[in-house]
Amino acid sequence: LDKVLIFVFYQFIMNNISTDSTIFFTGKKAFILLKDYVVKTLSPDKIFIITDENAYKYCLKPFRKVFKYISEPEIILTPDGELNKNLECCQTLWWELAQKGATRKSLVINFGGGMICDIGGFVASTFKRGLPFINIPTTLLAQVDASIGGKNGIDFQGVKNLLGVFSWPDAILIHTPFIETQSEAQKKSGFAEMVKIGLCCDKSFWHQIEATSFDTITDWETIIKRAVSIKLQVVNADPYETGFRRVLNFGHTIGHAFEAYSMENDDNPLKHGEAVAMGMLCETWLSSKQSGLPEQDMHSIIEYLLRNFEYYHLNPDAGKRILEFAFHDKKNEAGNLQFTLLNSAGRASIGQIVTPSRVEECLKWYGTIA
Ligand SMILES: NC(=O)c1ccc[n+]([C@@H]2O[C@H](COP(=O)([O-])OP(=O)(O)OC[C@H]3O[C@@H](n4cnc5c(N)ncnc54)[C@H](O)[C@@H]3O)[C@@H](O)[C@H]2O)c1
Ligand SMILES: [Zn+2]
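Residue positions are given per chain, counted from 1 along the sequence in the order it is written. As they are written, the chains are lettered A onward and the ligands numbered 1 onward, keeping that order. Selection of residues for local features in this predicted model requires a pLDDT of at least 70, selection of side-chain atom pairs for listing and counting requires 80 or more, and totals for whole chains, interfaces and linings are taken over all residues. To obtain the side-chain values, all non-hydrogen atoms of the structure were used and water was disregarded.

Moving on to the packing of aromatic side chains. Pairing of aromatic rings covers Phe, Tyr and Trp, the last counted by its six-membered ring, and requires centre-to-centre distances within 6.5 Å; plane angles under 30 degrees mean stacked, over 60 mean edge-to-face, and any other angle means tilted. Within this structure, the stated rule accounts for 14 aromatic pairs. Here the aromatic rings of Phe111 and Phe178 are separated by 5.6 Å at their centres, their planes lie at 65 degrees, and the arrangement is edge-to-face. Of this pair, Phe111 sits in strand E5 (residues 107–112) while Phe178 sits in the loop between strand E9 (171–173) and helix H7 (184–201), and the two are 67 residues apart along the sequence. Taking relative accessible area as the criterion, Phe111 reaches 0% and is therefore assigned buried. When the ring of Phe166 is compared with that of Tyr240, the centres are 5.6 Å apart and the planes differ by 70 degrees; the resulting orientation is edge-to-face. Separated by 74 residues along the polypeptide, Phe166 in strand E8 (residues 159–166) and Tyr240 in the loop between helix H9 (220–237) and helix H10 (252–265) bring together distant segments of the chain. In DSSP terms, a helix is any run of H or I states spanning at least four residues, a strand is any run of E spanning at least two, and both are numbered starting from the N terminus. Relative accessibility under 20% of the residue-type maximum defines a buried residue, over 50% an exposed one, and the middle range a partly exposed one, all with a 1.4 Å probe and only protein chains included.

Attention shifts here to the site of ligand 1. The environment of ligand 1 is formed by 26 residues, the closest being Asp80, Glu82, Thr139, Lys160 and Thr181. Asp80 places a side-chain nitrogen or oxygen 2.5 Å from an oxygen atom of ligand 1. Throughout this description, a polar contact denotes any pair of N or O atoms lying within 3.5 Å of each other; where both atoms belong to protein, one of them has to be capable of donating a hydrogen while the other can accept it, and for residues adjacent in sequence the pair is counted only when both atoms sit in side chains. Note that an oxygen atom of ligand 1 is positioned 3.3 Å from one of the side-chain N or O atoms of Gln186. Residue polarity is assigned by list, with Asp, Glu, Lys and Arg as charged and Ala, Val, Leu, Ile, Met, Phe, Trp, Tyr, Cys and Pro as nonpolar; anything else, Gly included, falls into the polar class. In terms of residue class, the shell around ligand 1 is made up of 6 nonpolar, 10 polar and 10 charged. Consider each residue's heavy atoms; a residue with any of them within 4 Å of a molecule or strand counts as near.

Let's shift gears to unusual backbone geometry. At Gln157, a residue that is not glycine, the phi angle is positive and equals roughly 50 degrees. Of note, Gln157 is situated in the loop between strand E7 (151–156) and E8. The exposure class of Gln157 is exposed, given its relative accessible area of 66%. With phi around 50 degrees, Asn161 is a residue other than glycine that occupies positive phi space.

What follows concerns the coordination of the zinc ion (ligand 2). Of the protein atoms, only Glu193 (OE), His252 (NE2) and His272 (NE2) coordinate the zinc ion (ligand 2), at distances of 1.9 to 2.1 Å. Here the donor residues of the zinc ion (ligand 2) share one chain and are spaced in sequence as E-x58-H-x19-H. Here Glu193, found in helix H7, pairs with His252, found in helix H10; they are 59 residues apart in sequence, far enough to count as distant. The two residues Glu193 and His252 agree in class, both being buried. A donor here means an N, O or S atom no more than 2.8 Å from the metal, or no more than 3.2 Å when the metal is Na, K or Ca. Since water is not included, a site may seem to lack partners.

Restricting attention to buried positions, one finds in helix H8 (residues 203–210) the residues Phe205, Trp206 and Ile209. Around the axis of H8, the buried residues are gathered within 100 degrees of arc, so they sit on the same side. Here, two residues are considered to be in contact whenever any of their heavy atoms come within 4.5 Å of each other. Elements in contact with the buried residues of H8: H7, H9 and helix H12 (295–308). Comment: arc refers to directions from the helix axis out to C-beta atoms.

Moving on: the pattern of salt bridges. Salt bridge, as used here: a side-chain nitrogen of Lys or Arg that lies within 4 Å of a carboxyl oxygen of Asp or Glu. Counted by the stated rule, this structure contains 16 salt bridges. Between Glu82 and Lys160 there is a salt bridge, and its shortest N-O distance comes to 2.9 Å. Of this pair, Glu82 sits in the loop between strand E4 (74–78) and helix H4 (87–99) while Lys160 sits in strand E8; the two residues are 78 residues apart in sequence, bridging distant segments of the chain. Among the residues examined, Lys160 registers a relative accessible area of 7% and is labelled buried. Across the pair Lys151 and Glu241 runs a salt bridge, and its minimum N-O distance is 2.7 Å. Of this pair, Lys151 sits in strand E7 while Glu241 sits in the loop between H9 and H10, placing them 90 residues apart in sequence. Look at Lys151 and you get partly exposed, because its relative accessible area is 32%. Salt bridges sharing common partners tie together Glu82, Lys85, Asp118, Asp155, Lys160 and Glu259.

Shape is all these values report; function is a separate question.
This is how it looks when you write it as structure tokens:
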């Protein structure tokens, strides 16, 4: 707690558009630096903390003192989980902000996992045409991925992240001890995004991950810091995802389709990272078929994914629905299914067109591997 692990201040200017500045902190001093930043730089008239019951209970309550001396914040509790990352919940949040007197000088702090960062960022960015906001991620997934990069949004009509905006948090506070209260399954879901970051954009990080496994990692701080810095490099190079940044979507075309399918069909639906892990399995197979991924890399990636993540048994007649969801993917253009596929472990290519019959073939292969 006493260590300041990261203090990175960065500002990106692309095509003369400033995408705001973001500050990362970790450790006890980080809270003090955040307080200074809030008071001196943002000086809001009111602070609203959007959170859910678990983030409140496990992380916010024990740290309440720290927030008290920022100023007396209003806490807005919202129901947890992906099923609530929806328009109805946004309406409640917008209305709460309105009733509690939020102005354009107010600050929103999104305090929770990826669901809270996504919906809170969207609500803040659309309320009165946009309030400043800060992300304080409390899950591994949100610390390495969802809180960083300016993508905010909600699911709509069963389609993942169909509505959303690019909008950058003024600051992000990553306090790694928060993840200690997460269940193994939730933490593993975040680990899937770390595996993805290695596979799609950093060979040496992938080798570091490959040399260990989820169960044997003890030093989460170091590995989180590495994943965050790789993601930042990619985001800075292409903040609005006009091209290169799409490498981060590896595993997500089929992953999102599995996630949406599972939400529609299962009592206990797949977590985001669990679906992405299965998406990476399928897209690794596709990569060996059409983007030059060597067979040997394919086998070692598949073996690693099956060893670290639980296999999801897909109904034999699910293929049609999975394809329908895949066609909703935002990466698609002109009616084609566009994927990010691997050229090798650690390098990916965007805009890979895959035919629907190839996807069907892939899902058949998937059905045979466990
Ligand atoms: N915007 C992006 O760039 C981006 C990137 C990746 C994922 N995402 C999104 O992130 C979401 C998934 O995020 P997630 O996995 O964090 O899920 P989540 O936010 O739903 O959190 C999972 C569960 O953990 C609880 N929780 C939160 N912090 C906790 C803690 N410290 N201890 C115990 N429990 C805690 C939550 O209440 C919830 O029940 C998905 O909606 C996904 O689409 C967004
Ligand atoms: Zn993801």
